[in-house]
Amino acid sequence: MIKHLYRTLTWPESKQRAEQGAVIVIPIAAIEQHGYHLPIDVDNVLVEHVTEEAASRSDGLILTAPMIHYGFNEHNMGFPGTISIRETVFMDFVYDVAYSFVRQGFDRIVLINGHGSNQMLCNLVARRVVNTTKAFCAAAAHWWLAKAEVDKLRDSAFPGGMAHACEFETAMCMHIRPELVELDKLGDREAPSSRNEFIFDDLFGSGPVHFVDRWSCISESGVEGDPNLATPEKGKAFSECSIANLIRFCRLFRDMKVQPDRDYNYRNPSL
Ligand SMILES: [Zn+2]
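Residues numbered from 1 in each chain as written. Predicted model: local features only at pLDDT ≥ 70, side-chain atom pairs only at ≥ 80, totals over all residues. Heavy atoms only, no water.

Caption draft 1: Examining the overall build of the protein chain more closely. Helices and strands together make up the secondary structure of the protein chain, namely 8 helices and 6 strands. The C-alpha radius of gyration computed for the protein chain amounts to 20 Å, which stays within 12% of the reference 18 Å derived for 271 residues, consistent with globular compactness. Once the C-alpha set of the protein chain is aligned to its principal axes, its extents read approximately 65 × 50 × 35 Å. Within the protein chain, contacts between residues separated by at least 24 positions form 78% of all contacts whose residues are at least 6 apart in sequence. In the form shown here, the protein chain has an accessible surface area of approximately 13,700 Å², with 54% of it arising from carbon and sulfur atoms. Distance from the positive charge centre (27 side chains) to the negative charge centre (36 side chains) of the protein chain: 10 Å. (Helix = DSSP H or I, 4+ residues; strand = E, 2+ residues; numbered from the N terminus. Rg over C-alpha atoms; globule rule 2.2 N^0.38 Å. Contact = heavy atoms within 4.5 Å. Areas by Shrake-Rupley, 256 points an atom, 1.4 Å probe, with all protein chains shown as cover. Lys, Arg positive; Asp, Glu negative; His and termini not counted. Charge placed at Lys NZ, Arg CZ, Asp CG, Glu CD.)

Caption draft 2: Up close: the side chain of Lys-234. If you trace the backbone, Lys-234 turns up in helix H8 (residues 232-255). Reaching out from Lys-234, the side chain makes a polar contact with the side chain of Asp-155 at a distance of 2.6 Å. Sequence-distant contacts of Lys-234, defined by excluding residues within four places in its chain, comprise Leu-153, Asp-155, Glu-167, Ala-171 and Leu-229. (Polar contact = N/O pair within 3.5 Å; in protein donor to acceptor, adjacent residues only side chain to side chain.)

Caption draft 3: The arrangement of the nonpolar core in detail. In this structure, Ile-62, Ile-112, Met-162, Phe-168, Phe-238, Leu-246 and Cys-250 are the most contacted members of the largest nonpolar core, which totals 45 residues. Those elements giving two or more residues to this core turn out to be strand E1 (23-28), helix H2 (42-56), strand E3 (108-113), strand E4 (136-141), helix H6 (167-176) and H8. Residues Ala-18, Ile-26, Val-129 and Cys-137 belong to the second largest nonpolar core, which totals 27 residues. (Core = buried A, V, L, I, M, F, W, Y, C linked by side-chain atoms within 4.5 Å. Buried < 20%, exposed > 50% of the residue type's maximum accessible area, 1.4 Å probe, protein only.)

Caption draft 4: Representation of the pattern of salt bridges in the model. Evaluated as defined, the whole model comprises 18 salt bridges. Taken together, the shared-partner salt bridges connect Glu-53, Arg-57 and Glu-240 into one network. (Salt bridge = Lys/Arg side-chain N within 4 Å of Asp/Glu carboxyl O.)

Caption draft 5: Expanded view of the packing of aromatic side chains. In total, this model carries 8 aromatic pairs according to the counting rule given. Taking 5.4 Å as the distance between ring centres and 15° as the angle between the ring planes, the aromatic pair formed by Tyr-95 and Tyr-99 counts as stacked. Here Tyr-95 pairs with Tyr-99, and both are found in helix H3 (residues 87-103), just 4 residues apart, close to one helical turn. With a relative accessible area of 32%, Tyr-99 lands in the partly exposed category. Among the aromatic residues, those joined into a ring-pair cluster are Tyr-6, Phe-101 and Phe-106. Directly above the aromatic system of Phe-253 lies the positively charged group of Arg-108, at a separation of 6.0 Å from the ring centroid. A cation over a ring is seen here: Arg-128 above Tyr-95, with NZ or CZ 4.9 Å from the ring centre. (Phe/Tyr/Trp six-rings, centres within 6.5 Å; stacked < 30°, edge-to-face > 60°. Lys NZ or Arg CZ within 6 Å of the ring centre and 35° of its normal.)

Caption draft 6: Here's a closer look at the sheet that holds E4. With parallel pairing, 4 strands are arranged side by side in an open sheet as E2-E1-E3-E4. Each edge of the open sheet carries a strand with a single partner, namely strand E2 (62-64) and E4. Recorded for the sheet is a direction-independent mean angle of 25° between the axes of neighbouring strands. Across 5 bridges, the pairing between E1 and E3 is parallel. Each bridged residue has a counterpart across the sheet, and for Ile-24 the counterpart in E3 is Ile-109. Here helix H4 (residues 119-132) sits on the sheet and contacts E1, E3 and E4; the angle it forms with E4, its principal contact strand, is near 170°. (Pairing = 2+ DSSP bridges. Axes fitted to C-alpha atoms, helices over the stretch in contact; angles between N-to-C directions.)

Put into structure tokens, the structure is as follows:
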């Protein structure tokens, strides 16, 4: 069987896969509080499952890189267990990982994120790779790839019902690693992440104004949403949808043509 995990390759195999045009998927998430019922590693567990399963089913198209376990998390430092990387350090680190792949000959890089606050930084990293190399680099959160199934199965109110350690994340974990979900500690629905008509937060759409408070100011348990609505069946549907869409996207991304640059700038001959 063709290898699908980057860390299992030898160096000649890495060169060969770059020549064959493999798409590099880099999973990125966080160590972060997830209420009383989920472990602090859950973002990593979910994104690693989606990206590694996608690679294993992609017939060699996707190589999944070792994941980046820590993320930008200052807003959650009031909760024990959380680790935070400064935003500029995080961006430079992720860029250096992605740029190393480009230097080794890979020209399609996909950052798949499993922690909300990383997303804007991953987007900027993807743009920095595109701006500084000839490679393509794109970024997405794994839950966006599950949107078709979420729209069908979601029981949480919108917005705010799916935000953190919520119906979505709890369902995914029930499917992928059920032994990690402490069902007796689920607790009540907590802290709808809606402050007013302009400021609200949900995995599937936020308000027009960006404002993120310190999490401990708005949630007692750390949860935002209702984990009681989660089921393993929903988790399986979400997970399978993400995996299938990641493979589909990588195929399309592989085939996207690099357009020739235009540069209309006046060239000062003295420079
Ligand atoms: Zn999470």
